[in-house]
Amino acid sequence: MSAPSSVRLEERTWPEVETALENGRRTAIVAVGSIEQHGPHLPLNMDALDGDELSRRIAEELGDALAAPTIRPGCSGHHMEFPGTITVPPETLMDLIRAYCRSLDDHGFEHVVLVPTHGGNFAPVSTVAPDIAREIDANVIALADLDDHMALLNEGLRDAGIDYQEDVIHAGAAETAMILAIDEGSVRTDRLEAGPEGSISTARLLSEGFESITENGVLGDPDEATAEAGEAIFDAVTDAYVERIEAERDAVR
């Protein structure tokens, strides 16, 4: 039987993971997603699908990494007015991230990369990463700059020739494009509805909930999305994140 081609940790047997570690695959990519509303046209697992795809692409691009199962759900209390959303307290999410990292460290991974794909998870990841780094031998790399992440998503839209900018990204052009690129059939194209555009108070979104800003759970215009733009977005984020991961790994060698 041929060697496994998938970089997804969960699709391998334990001997295959052991062999991968022995052969130098000692970086684990851990996406931190959510199960929450994304308007009337995107599935609740949008951020998890994003995490699955992004961690896979990063692992493949690095060439010596495996993509761990995406953590879900996340900190989504500001979406709870919309049915189906599942949220956990920040402390619970941070404990789960800590357990993930400890497990991977125990097995011999030398670098654990935390990649939040939901806005509400960036702060918990940033908070817990330094503590975990002091507790385990593995190097913990947290790619948890929300403004930078949204800038990369907008960069991908521009790279695809879409003259459209989203100040706060949720269920609009960028995220719809990403799901079109992953699985076009998951997008309810007959339910595309625009939401508020322009400057949005993130403080109000977090404190009062999304329903205080948008009735349908959407920010921006998903009708601007294309599958080609989704591919461009994944390319932009993957390239930027791989460059940062390689720099972080080189810094501790």
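Let me begin by describing the structure that accompanies this report. (Residues numbered from 1 in each chain as written. Predicted model: local features only at pLDDT ≥ 70, side-chain atom pairs only at ≥ 80, totals over all residues. Heavy atoms only, no water.)

### Considering the overall build of the protein chain
The criterion, for reference: Each helix corresponds to a stretch of at least 4 residues labelled H or I by DSSP, and each strand to a stretch of at least 2 residues labelled E; elements are numbered beginning at the N terminus. The quantity called the radius of gyration is restricted to C-alpha atoms. Its globule counterpart is 2.2 Å times the number of residues to the power 0.38. For every residue, the accessible area (1.4 Å probe, protein chains only) is compared with the maximum for its type, and the residue is labelled buried under 20%, exposed over 50%, or partly exposed between those bounds. In this analysis, two residues are considered to be in contact whenever any of their non-hydrogen atoms come within 4.5 Å of each other. The Shrake-Rupley method, run with a 1.4 Å probe sphere, supplies the accessible areas, and residue values consider only the shown protein chains as cover. Here Asp and Glu are counted as negative and Lys and Arg as positive; His is not counted, and neither are the chain ends. Note that the charge is assigned to NZ on lysines, CZ on arginines, CG on aspartates and CD on glutamates.
Helix and strand counts for the protein chain stand at eight helices and four strands. Ordered by position in the sequence, the α and β elements of the protein chain form the string α-β-α-β-α-β-α-β-α-α-α-α. Against the compact-globule benchmark of 18 Å for 253 residues, the protein chain has a radius of gyration of 18 Å, which places it among compact chains. Dimensions of the protein chain, computed from the C-alpha atoms along their principal axes, are close to 50 × 35 × 30 Å. Taking all 253 residues of the protein chain together, 54% fall into the buried category. Restricting to contacts in the protein chain with at least 6 residues of sequence separation, those with at least 24 account for 76%. Surface exposure of the protein chain reaches about 11200 Å², of which carbon and sulfur atoms provide 45%. Charge separation in the protein chain, taken as the distance between the mean sites of 17 positive and 50 negative side-chain charges, equals 6 Å.

### Examining the environment of Ile169
Structurally, Ile169 is set in the loop between helix H5 (146–159) and helix H6 (173–183). Look at Ile169 and you get buried, because its relative accessible area is 11%. Spatially, the C-alpha atoms of Ile169 and Met150 are 6.7 Å apart, while their sequence positions differ by 19 residues. Once residues lying within four places of it in the same chain are set aside, the contact partners of Ile169 are Met150, Leu153, Asn154, Ala174 and Glu175.

### Quick notes on unusual backbone geometry
Omega for the bond connecting Arg72 with Pro73 falls within 30 degrees of zero, at 0°, which places this linkage in the cis form. Note that Pro73 resides in the loop between strand E2 (65–67) and helix H3 (90–106).

### Focus: the packing of H6 against helix H8 (residues 227–251)
As a reminder of what qualifies: The axes are straight lines fitted to the C-alpha atoms, using for helices just the contacting stretch, and the angles between their N-to-C directions are given from 0 to 180°. Convention used here: angles under 35 degrees read as roughly parallel, angles over 145 as roughly antiparallel, angles from 65 to 115 as roughly perpendicular, and any remaining angle as oblique.
Across the interface, H6 lies against H8 with an axial gap of 7 Å and an inter-helix angle of 100°. One way to sum up the angle between H6 and H8 is to call them roughly perpendicular. Two secondary-structure elements touch here, H6 through Ala174, Ala177, Met178, Leu180, Ala181 and Ile182 and H8 through Ala227, Ala229, Gly230, Glu231, Ile233 and Phe234.

### Details of the sheet that holds strand E4 (residues 139–142)
Here is the rule we go by: A strand pair is defined by DSSP finding two or more bridges across the two strands.
The parallel open sheet is built from four strands, whose spatial order is E2-E1-E3-E4. Edge positions in the sheet fall to E2 and E4, since each has one partner strand and no second. The mean inter-strand angle of the sheet, taken between neighbouring strand axes irrespective of direction, is 20°. Pairing of strand E3 (residues 111–116) with E4 involves four bridges; the strand directions are parallel. Bridge pairing in E4 links Val113 to Ile141. Sheet strands touched by helix H2 (residues 46–62): strand E1 (27–32), E2 and E3. Its angle to E1, the strand with the most contacts, is close to 160°.

### Structural notes on H2
The cut-off we apply is this: Take the number of residues in a helix, subtract one, and multiply by 1.5 Å to get its expected span.
Over its 17 residues, H2 runs 24 Å from end to end, which matches the ideal 24 Å to within 8%, given 1.5 Å per residue. Where burial is concerned, most of H2 is hidden: 15 out of the 17 residues are buried. Trailing H2 by a residue or two, Gly63 shows a phi angle of about 85°, which is positive.

Read these as spatial facts, not as claims about activity.
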